[in-house]
Protein chains: 2
Amino acid sequence: MADQTKFLLTEKDIPKFWYNIQADLPEALPPVLHPGTGQPIGPDDLAPLFPMELIMQEVSQEREIEIPEPVRSAYQQWRPTPLYRAHRLEKALDTPAKIYYKYEGVSPSGSHKPNTAIPQAFFNKAEGINKIATETGAGQWGSSLAYAAALFDLEVQVFMVKVSFNQKPYRKAMMETFGASCIASPSDTTNAGRAILEKTPDSTGSLGIAISEAVEVAATNDDTKYALGSVLNHVLMHQTVIGQEAMRQMEMAGDYPDVVVGCSGGGSNFAGIALPFLGEKLRGGKDVRLVAIEPAACPSLTRGKYAYDFGDTAQMTPLVKMHTLGANFVPSGFHAGGLRYHGMAPILSHLYELGLSEAKALNQLECFEAGVLFGRTESIIPAPEATHAVRGAILEALRCKEEGKSETILFNLCGHGHFDMQAYTDFFAGKLNDQTYDESELAMALAGLPSVAHGSV
Amino acid sequence: MADQTKFLLTEKDIPKFWYNIQADLPEALPPVLHPGTGQPIGPDDLAPLFPMELIMQEVSQEREIEIPEPVRSAYQQWRPTPLYRAHRLEKALDTPAKIYYKYEGVSPSGSHKPNTAIPQAFFNKAEGINKIATETGAGQWGSSLAYAAALFDLEVQVFMVKVSFNQKPYRKAMMETFGASCIASPSDTTNAGRAILEKTPDSTGSLGIAISEAVEVAATNDDTKYALGSVLNHVLMHQTVIGQEAMRQMEMAGDYPDVVVGCSGGGSNFAGIALPFLGEKLRGGKDVRLVAIEPAACPSLTRGKYAYDFGDTAQMTPLVKMHTLGANFVPSGFHAGGLRYHGMAPILSHLYELGLSEAKALNQLECFEAGVLFGRTESIIPAPEATHAVRGAILEALRCKEEGKSETILFNLCGHGHFDMQAYTDFFAGKLNDQTYDESELAMALAGLPSVAHGSV
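How each quantity is defined
Position numbers for residues count from 1 along each chain, tracking the sequence in the order it is written. Each chain takes a letter, starting from A, and each ligand takes a number, starting from 1, following the order in which they are written. Totals for whole chains, interfaces and linings use all residues, but because this is a predicted model, local features are given only for residues with pLDDT of at least 70 and pairs of side-chain atoms are given and counted only at 80 or more. Heavy atoms from the whole structure form the basis of all side-chain values; hydrogens and water molecules are not counted. Counting from the N terminus, the helices are DSSP H or I runs at least four residues long and the strands are E runs at least two residues long. The criterion used for residue contact is that any of the two residues' heavy atoms lie within 4.5 Å. Two strands make a pair as long as DSSP finds a minimum of two bridges between them. Under this scheme, a helix contributes an axis fitted over its contacting stretch, all axes are lines through C-alpha atoms, and angles between N-to-C directions fall in the 0 to 180 degree range. The atoms used to superpose the copies are C-alpha atoms, taken from residues with pLDDT of at least 70 in both, and the fit is least squares. Here a salt bridge means any side-chain nitrogen of Lys or Arg lying within 4 Å of a carboxyl oxygen belonging to Asp or Glu. Relative accessibility under 20% of the residue-type maximum defines a buried residue, over 50% an exposed one, and the middle range a partly exposed one, all with a 1.4 Å probe and only protein chains included. Any pair of Phe, Tyr and Trp rings, taking the six-membered ring for Trp, is counted once the centres come within 6.5 Å. Such a pair is stacked with planes under 30 degrees apart, edge-to-face with planes over 60 apart, and tilted for the rest. Placement of a charge over a ring requires the Lys NZ or Arg CZ to be within 6 Å of the ring centre, with the centre-to-atom vector within 35 degrees of the ring normal. pLDDT is a residue-level measure of predictor confidence that goes from 0 to 100. By nonpolar core we mean a set of buried residues, namely Ala, Val, Leu, Ile, Met, Phe, Trp, Tyr and Cys, connected to one another through side-chain atoms within 4.5 Å. Taking the helix axis as origin, the arc is that swept by the directions to the C-beta atoms. Here's the idea: put two parts together, see how much 1.4 Å probe accessible area each one loses, and the total over both is what we call buried area. We call two N or O atoms a polar contact when they sit within 3.5 Å, provided that within protein one can donate a hydrogen and the other can accept it, with sequence-adjacent residues counted only if both atoms are side-chain atoms. Think of it as three bins: nonpolar holds Ala, Val, Leu, Ile, Met, Phe, Trp, Tyr, Cys and Pro, charged holds Asp, Glu, Lys and Arg, and polar takes everything else, Gly as well. In this tally, Lys and Arg are treated as positive and Asp and Glu as negative; His is ignored, and so are the chain termini. An angle below 35 degrees is read as roughly parallel, one above 145 as roughly antiparallel, one from 65 to 115 as roughly perpendicular, and any other as oblique.

Break down the environment of A:F165 for me, citing the residues and quoting the values.
All names here are of chain A. You can see F165 is positioned in helix α7 (residues 162–167). Sequence separation between F165 and T136 is 29 residues, and the spatial gap between their C-alpha atoms is 9.3 Å. Among residues more than four places away in sequence, those in contact with F165 are M160, K172, C182, I183 and A184.

Just give me the short version of the sheet that holds strand β7 (residues 155–161) of chain A, but keep the residues and values in it.
Residues and elements named next belong to chain A. Spatially, β8-β7-β6-β9 is the arrangement adopted by the 4 strands of the open sheet, whose pairing is parallel. The open sheet has two edge strands with one neighbour each: β8 (181–185) and β9 (224–227). Pairwise comparison of adjacent strand axes, ignoring direction, gives a mean angle of 25 degrees for this sheet. Note: strand β6 (residues 131–136) against β9, 4 bridges, orientation parallel.

Lay out the relation of the copies chain B and chain A in plain terms, naming residues and giving numbers.
Between chain B and chain A, the superposition needs a rotation of 180 degrees and an axial shift of 0.0 Å, giving an RMSD of 0.0 Å. Taken together, the turn and the small shift mark the pair as related by a two-fold rotation axis. Residue B:H418, judged by its C-alpha, is the member of chain B lying nearest the rotation axis, at 3.0 Å. Same-surface contact between copies: 98% of interface residues of chain B are shared with the interface of chain A.

A description of the pattern of salt bridges should follow, citing residues and the corresponding values.
By the definition in use, this model includes 46 salt bridges over all chains. Its salt-bridge partner being A:R85, residue A:E90 comes within 2.6 Å of it at the nearest N-O pair. Judged by its relative accessible area of 9%, A:E90 falls in the buried class. One salt bridge in this structure joins B:D24 and B:R283, with 2.8 Å as the shortest N-O distance. Residue B:D24 is located in the loop between β2 (17–19) and α1 (43–46), and its partner B:R283 is located in the loop between α13 (268–282) and β11 (289–295); the two are separated by 259 residues in the primary sequence. One network of salt bridges, with partners in common, ties together A:R289, A:E358, A:E396, A:R399, A:E403, A:K405 and A:E407.

How would you explain the packing of aromatic side chains if you had to name every residue and give the values?
Residues and elements named next belong to chain A. Going through the model one piece at a time under the given rule, you end up with 35 aromatic pairs over all chains. Here F368 and F427 contribute two aromatic rings whose centre-to-centre distance is 5.7 Å and whose plane-to-plane angle is 25 degrees, an arrangement assigned as stacked. Taken together, the residues F368 in helix α16 (residues 364–378) and F427 in helix α18 (residues 421–428) connect sequence positions 59 residues apart. Judged by relative accessible area, F427 falls into the buried class, the value being 16%. Taken together, Y84, Y101, Y103, F374 and F411 form an aromatic cluster joined through their ring pairs. Between the NZ or CZ atom of R171 and the centre of the ring of F419, over which it lies, the distance is 4.4 Å.

Can you explain the confidence of the model for chain A? Please cite residues and give values.
Residues and elements named next belong to chain A. Mean pLDDT over chain A works out to 95, with 99% of the residues at or above the 70 mark. In the predicted structure, residues 453–457 sits below a pLDDT of 50 and forms 9 contacts with residues beyond four places in sequence or in another chain. Both scores are given for the predicted complex: the pTM is 0.96, the ipTM 0.94.

Can you tell me about the nonpolar core, naming the residues and giving the values?
Judged by nonpolar contacts, the single largest core of 123 residues is most densely connected at A:I118 and B:I118. Other than its neighbours up to four places away in sequence, A:I118 contacts A:V71, A:A74, A:Y75, A:W78, A:Y147, A:A148, A:L151 and A:F152.

Give me the lowdown on the pairing of strand β10 (residues 259–263) of chain B, citing residues and values where you can.
Look at any regular strand and the pattern is simple: side chains alternate between the two faces of the sheet. Residue and element names in this part refer to chain B. Counting buried positions over the 5 residues of β10 gives 5, a clear majority of the element. Residues of β10 alternate between two faces, with V259, V261 and C263 on one and V260 and G262 on the opposite face, all of them buried. Here 5 bridges tie β10 to β11, and the two strands are oriented parallel to one another. Its bridge partner being in β11, G262 is matched across the sheet by A292. Note that β10 and strand β15 (residues 408–413) share 3 bridges and pair parallel. Pairing of V259 across the sheet is with I409, part of β15.

Can you explain helix α2 (residues 52–59) of chain A? Please cite residues and give values.
All names here are of chain A. Among all positions in α2, only L54, I55, Q57 and E58 are buried. The buried side chains of α2 occupy one side of the element, clustering within an arc of 160 degrees when seen end-on. Tucked into the core, α2 has its buried residues touching β2 (17–19), α1 (43–46), β3 (64–66), α5 (114–126) and α11 (233–238).

Would you mind going over the interface of chain B and chain A in detail, with residue names and values included?
Each side of the interface is counted separately: chain B has 49 residues, and chain A has 48 residues. Summed over the three residues of chain B that lose the most area to chain A, namely B:M1, B:Q77 and B:Y170, the buried surface amounts to 19% of that side. Its salt-bridge partner being B:E11, residue A:K6 comes within 3.4 Å of it at the nearest N-O pair. Viewed at the interface, chain A and chain B are joined by 23 residue pairs in polar contact (both at pLDDT 80 or more). Those elements that provide at least two residues to the side of chain B that touches chain A are α3 (69–75), α6 (140–152), α8 (169–177), α16 (364–378) and α18 (421–428) of chain B. In terms of residue class, the side of chain B that touches chain A is made up of 24 nonpolar, 14 polar and 11 charged.

Tell me about the sheet that holds strand β1 (residues 6–7) of chain B, residues and numbers included.
Residue and element names in this part refer to chain B. Taken together, the 7 strands give an open sheet; going across it, the order is β1-β4-β5-β15-β10-β11-β14, and neighbouring strands pair in mixed fashion. Single-partner strands in this sheet number two, and they are β1 and β14 (358–362). One ladder, built from 2 bridges, connects β1 with strand β4 (residues 83–85); its direction is antiparallel. In the sheet register, F7 faces β4, and the bridge partner there is L83.

So what about the side chain of B:R171? Which residues, and what values?
Residue and element names in this part refer to chain B. Secondary-structure assignment places R171 in helix α8. Nearest to the buried, unbridged R171 among oppositely charged side chains is D420, at 5.0 Å. For R171, the side chain forms a polar contact with the main-chain oxygen of S109, separated by 3.0 Å. Those residues in contact with R171 that sit more than four places away from it in its chain are S109, A138, G139, Q140, S143, M160 and F419.

Residue-level account of the packing of α16(B) against α18(B), with values.
Residue and element names in this part refer to chain B. Contact geometry for α16 and α18: axes closest at 11 Å, N-to-C directions at 105 degrees. By the criterion of interaxial angle, the relationship of α16 to α18 is roughly perpendicular. Across from L365, F368, E369, G371, V372 and R376 in α16, the residues of α18 making contact are A423, Y424, F427 and F428. In terms of residue class, the contact of α16 with α18 is built from 7 nonpolar, 1 polar and 2 charged.

Let's hear about unusual backbone geometry: which residues, and what values?
Following A:R79, the chain continues into A:P80 via a peptide bond in cis, with omega recorded as -10 degrees. Here A:P80 lies in the loop between α3 (69–75) and β4 (83–85). Phi at A:S379 takes a positive value of approximately 80 degrees, unusual for a residue other than glycine. Relative to the helices and strands, A:S379 is located in the loop between α16 and α17 (384–403). Look at A:S379 and you get buried, because its relative accessible area is 5%. Despite not being glycine, B:Q315 has its phi angle at roughly 60 degrees, a positive value. With respect to the element layout, B:Q315 can be found in the loop between β12 (305–310) and β13 (319–324).

Written out as structure tokens, the structure is:
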């Protein structure tokens, strides 16, 4: 037998609480502002959109938030997820580094998203809500919420970014199999969607636009709430089950990461694996580097402004301080649909500003090359988003090789690519390029940041 | 927490040998015959197609065949696979039965096929072979062999049945990602393919035709061997890792199956889970019912003849005694491509004749309905093939409900449906029907059975 490859926990080891980094931050997060008044908002301002329990989680300063039993029971269907030692990838790279990856693709929807879809569905249902509207990029979030809704008997309407809707038609089929409905965004079913279509009839959509549509449905229908699959504090917190499990699994492996790598669009999977390790460090534990990998075509951390901005294009959400490319920024149609968001989670933006994490923007082609190498060695074909984490980990491993260091690298393989094979087909056919962004469009989007962004807050 | 859902073994529990049912059969299998002489063939007759080690496994009467270390190491990437208790499905059915399923979809290709692809690649490489030709129906076998070939550095050429090639385009992308090449069959690259295309230019293909093409490539190229993903004794034997693990996992659950259910095309996944339990029974252990589920549109066990027939359409293979619809039978283009084979594995045919197993033919629509129910309750969207096993298990559970019996049902969930979502899309759009076969076409195919089938053997 080869050395141990998979480190597995039992269902009893499913975390009993979510970890809230806010309890350990050296500086508190900047407040969320009301777009009209420029003043910090309170829980009631968010009540039309979210159930109160999630709003309280959003602002909680408690270190541990207990995971309700029905949520842990639902997690049992696929959690704890496996931690792998990447023996074959290490060999292929001829690196002295040790590479581990946590694999979230074993979930019902094939990504980390159900970790937060389940509690969001549960807390909505607990407060008597029966309908949820949401957006989705690559479809991973939409299909996760669809599955969670099937468990807790909720209706779900998903607005899917049009370019991904066309690139990944079978995500819709998955949502329908789980019982949800899914339409392409921008759509003609909302004011926000119609306004975009009027100006840009052939719009390929963006997460910012799709959020506007879903928020509008929730805000204008008393019986409907809204759910977001990333960015928000409570969403990142739900994902910390990943990192908590990984800590125990690294212990089983007799190792501890020198560096934790994840891809980062809105930031939830990276936060999920990284924040528990950072918390350890902030409480005086072992040092660890955190490296967020973003797509070169949508580089909010490395090229965006740290400023107050809207979460959506139609400017319906409150203002949050984050690294942003501007809510009007429409990224090109590259294949990592889950990484096509104009902003970065406020928590991750804050940590980046504090120097507690690093960021790197990578091109599409090198990521797909890494994905193919990973598939051939480690057997799992990564989602286009996840190829960014793979490439990020490989770069760390190659650095170790150059420096002759046997560091331990841990990354989050946030999902499989079974619904993204057109991207691989295009890659092999030489049809993919290193998509980037138009500097003048970025400048314009940044110029459109709300004025409070430049204000005193 | 809910009651335990997943029963997990560690890598050390990966079986150390394959179980060979031939050692425990009450009557020996009928011999394989040379199509020219009608006489039993010897190992040398098969040498152009297979490495000698696999030929010896094919005829071995040893109960246990040791699994080589490199094969067990490769299995570590995904084995042991989980056994699930289907709590939520049981609840939805309101049945007193306990339902367990072994889930083989966690493998690199998403099905049970790598269990035999890995050893086949290994034994070929060990005998100096560098190229393999094979066929594939739904693409599960082709992508499994592609992955195995990546591990052992082999070239693989896959002939994929045309109707599936068109229905499941992303299987080709998966094979290419793993480094193999894949073309639609019938193709114009072989004599067998060209002959079919001349007679039937719009042929949608069949496994029998694709086998002819692959066998021709192997037989006419000294440096190339052939590999088959089901039907043969050694293939079924490699799959017994499924049942061996399941026995230990059922023990962990404190249960033992009253009935074992699997879908059956060529028969390998059903044999994989069922034969170890049958072996126990034949050696004086607990009784167990085995139920093979086949598609109503390709019902080799329930409607075929038990007769000598060719494994392929161009009549290039030796003659094996099996339940067959006739090697010229071309099943309709229903979605369970992996179940579209004209014959049933000789071992399973023999057991069926001996009254040691049962069979049931089910329609496409009821199977997809079962697949959707399974997805919504158990979170995994089954492959169209696997929906047959799901429906078979549900029928047993409903019988238990009617009879007020709390029996234990175990079935093999042989793969996920991530590459088959067009089938679910068609199902939701009302485009699927209960495909069946043309009685006169079946009669014609059966009339074409080779004469030795009616002879003295």
